[in-house]
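Here's the letter readout for the chains.
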Amino acid sequence: MKPKQTIREAFIEASSFLTECAVTEPQRSAQLLLAHVLGLEGAAYYMALPDPFPEERKSLWEQAITRRGAGEPVQYITREQEFYGIPFEVTPAVLIPRPETELLVEAMLMQAKRLWPEGAAPSRSEGGALRPLECADIGTGSGAIAVTLALQAPRWHVRASDISDGALQVAARNAAANGAQVAFLEGNLLEPFAGEWLDIIVSNPPYIPAADIAGLQREVRDHEPRTALDGGTDGLGPYRIMMEQLPLLKAPPRLIGFELGQGQAQDVAELLRAAGHWDEIIIVPDLAGIERHVLGVSNRLR
């Protein structure tokens, strides 16, 4: 009788198959999918490697590896991606959260603490009482930024917008699953906040030039939502629109922060300078040294 395939042998076989399919990080993909299918984490996964592969999991395993071999991202197969140490559901309706976006969250929290040391702002009415900071995440997708900010700064009033109803449904589930208080609004960029006060705006909008999308990795090009990728002719369309939409608000926010693509930082910084609402324009590099985020900070009370 032929001995049953071990979990380790299944991993080796899948890694070889994914390598032949030219997927990115074939061994890492096989490991993540294997751990997901078996429901194992950490040391339990490694301890199980010599064990026979459970028959009742084979069909699910084969489906997962076949999907990955066709280029589908691991995160859409497992329906999960960690961000800022928090588990987020991801589906093809939303962009997969990236580690570099965690740096945008950190930069926003740091600058907000500098502007509002008490984590709140003076009331705009008589009396000087403190009120929650009004923060809006524009183009929220999975809700990663909004949910993380709501959890890290529980005194803030966090809202989030997206043009996609499907994305908003995913984001709302993520907020509920993580116990974050976030209000979600459907609409184009700043439009849902017309006539309102916002202290903070943060956004990771689509920024890929339309002509460059065909050259992206197939995992991104063929599976992530185009509306979350396509930034127009030069990739700067959403930033220009948001600057044009600022008059919809009662006043410009004191703190604004954007994520952007490689080589776009100076152009986005110039858009903020030209708007004339912020005293400081700060460019934040990612861990690879790429200028990845641009922040505008106003030292004037509004």
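Notes on the structure follow. All values derive from a computational prediction rather than experimental measurement.

Some remarks on the pattern of salt bridges
Step number 1: For the structure shown, the criterion picks out 15 salt bridges.
Step number 2: For Glu 196, the salt bridge identified is with Arg 159, shortest N-O distance 2.3 Å. Residue Glu 196 is found in the loop between strand 7 (182–186) and strand 8 (200–203), and its partner Arg 159 is found in strand 6 (residues 157–162); the two are separated by 37 residues along the sequence.
Step number 3: Its relative accessible area of 10% is what places Arg 159 among the buried residues.
Step number 4: In this structure, Asp 230 engages Arg 226 in a salt bridge whose closest nitrogen and oxygen atoms are separated by 3.4 Å.
Step number 5: You can call Asp 230 partly exposed: its relative accessible area is 27%.
Step number 6: Salt bridges sharing partners connect three or more residues here, namely Arg 79, Glu 89 and Arg 173.

A short note on the packing of helix 6 (residues 100–115) against helix 7 (residues 144–152)
Step number 1: For the pair helix 6 and helix 7, interaxial distance at closest approach is 11 Å and the crossing angle is 40 degrees. Between helix 6 and helix 7, the angle is such that the two are oblique. Helix 6 and helix 7 meet at a crossing whose hand is right-handed. Contacts from Thr 101, Leu 104, Val 105 and Leu 109 in helix 6 reach Ile 145, Thr 148, Leu 149 and Gln 152 in helix 7.
Step number 2: Of the residues contributing to the contact of helix 6 with helix 7, the split by class is five nonpolar, three polar and no charged.

A word on helix 2 (residues 26–38)
Step number 1: In this model, helix 2 (13 residues) spans 18 Å end to end at C-alpha, consistent with the 18 Å of a helix rising 1.5 Å per residue.
Step number 2: Listed as buried for helix 2 are Pro 26, Ser 29, Ala 30, Leu 33, Leu 34, Ala 35, Val 37 and Leu 38.
Step number 3: Lining the buried residues of helix 2 we find helix 1 (7–20), helix 3 (42–48), helix 4 (58–69) and helix 5 (74–78).
Step number 4: Where helix 2 terminates, the next one or two residues include Gly 39, which has phi positive at roughly 70 degrees.

Description of the sheet that holds strand 6
Step number 1: Strand order in the open sheet formed by seven strands is 7-6-5-8-9-11-10, with mixed pairing between adjacent strands. Every interior strand has two partners, whereas the edge strands, strand 7 and strand 10 (280–285), have only one. Taken over all neighbouring pairs, the strand axes of this sheet differ in orientation by 15 degrees on average, direction set aside.
Step number 2: Direction of pairing for strand 9 (residues 255–259) relative to strand 11 (residues 291–297): antiparallel, over a ladder of five bridges. From the neighbouring strand, Ile 256 faces strand 11, where its bridge partner is Gly 296.
Step number 3: The strands touched by helix 7 are strand 5 (134–138), strand 6, strand 7 and strand 8; relative to strand 6, the strand with the most contacts, the crossing angle is about 175 degrees.

Regarding unusual backbone geometry
Step number 1: Unlike most non-glycine residues, Ala 22 shows phi in positive territory, near 60 degrees.
Step number 2: You can see Ala 22 is positioned in the loop between helix 1 and helix 2.
Step number 3: For Ala 22, a relative accessible area of 59% corresponds to the exposed category.
Step number 4: Unusually for a residue other than glycine, Arg 79 sits at a positive phi of about 60 degrees.
Step number 5: With respect to the secondary-structure elements, Arg 79 resides in the loop between helix 5 and strand 1 (80–83).
Step number 6: The exposure class assigned to Arg 79 is partly exposed, which follows from its relative accessible area of 43%.

As for the layout of surface pockets
Step number 1: As a volume, the second largest pocket reaches approximately 550 Å³.
Step number 2: Lining the second largest pocket are 17 residues, and of these Leu 32, Ala 35, Glu 41, Thr 78 and Glu 80 lie nearest its centre.
Step number 3: Going through the elements one at a time, helix 2, helix 3, helix 5 and strand 1 are the ones with two or more residues in the lining of the second largest pocket.
Step number 4: Broken down by element, the lining of the second largest pocket gets its largest block of residues, five residues, from helix 2.

Details of the environment of Ile 96
Step number 1: On the secondary structure map, Ile 96 appears in the loop between strand 2 (86–89) and helix 6.
Step number 2: Expressed as a C-alpha distance, the spacing of Ile 96 and Gly 195, which sit 99 residues apart in the sequence, is 31 Å.
Step number 3: Apart from the residues within four sequence positions on either side, Ile 96 is in contact with Pro 73, Gln 75, Tyr 76, Gln 81 and Glu 224.

Cut-offs and rules
Residues numbered from 1 in each chain as written. Predicted model: local features only at pLDDT ≥ 70, side-chain atom pairs only at ≥ 80, totals over all residues. Heavy atoms only, no water. Salt bridge = Lys/Arg side-chain N within 4 Å of Asp/Glu carboxyl O. Helix = DSSP H or I, 4+ residues; strand = E, 2+ residues; numbered from the N terminus. Buried < 20%, exposed > 50% of the residue type's maximum accessible area, 1.4 Å probe, protein only. Axes fitted to C-alpha atoms, helices over the stretch in contact; angles between N-to-C directions. Parallel < 35°, antiparallel > 145°, perpendicular 65-115°, else oblique. Left-handed = near helix turned anticlockwise from the far one by under 90°. Contact = heavy atoms within 4.5 Å. Nonpolar A, V, L, I, M, F, W, Y, C, P; charged D, E, K, R; others polar. Expected span 1.5 Å × (residues − 1). Pairing = 2+ DSSP bridges. 1 Å grid on protein atoms, 1.4 Å probe; cavity = no way out; pocket = protein on both sides within 12 Å on 5 of 7 lines; lining within 4 Å. Points joined across faces, edges and corners; volume = space filled by probe spheres on them.

Everything listed here is a matter of coordinates, which is why it stays silent on function.
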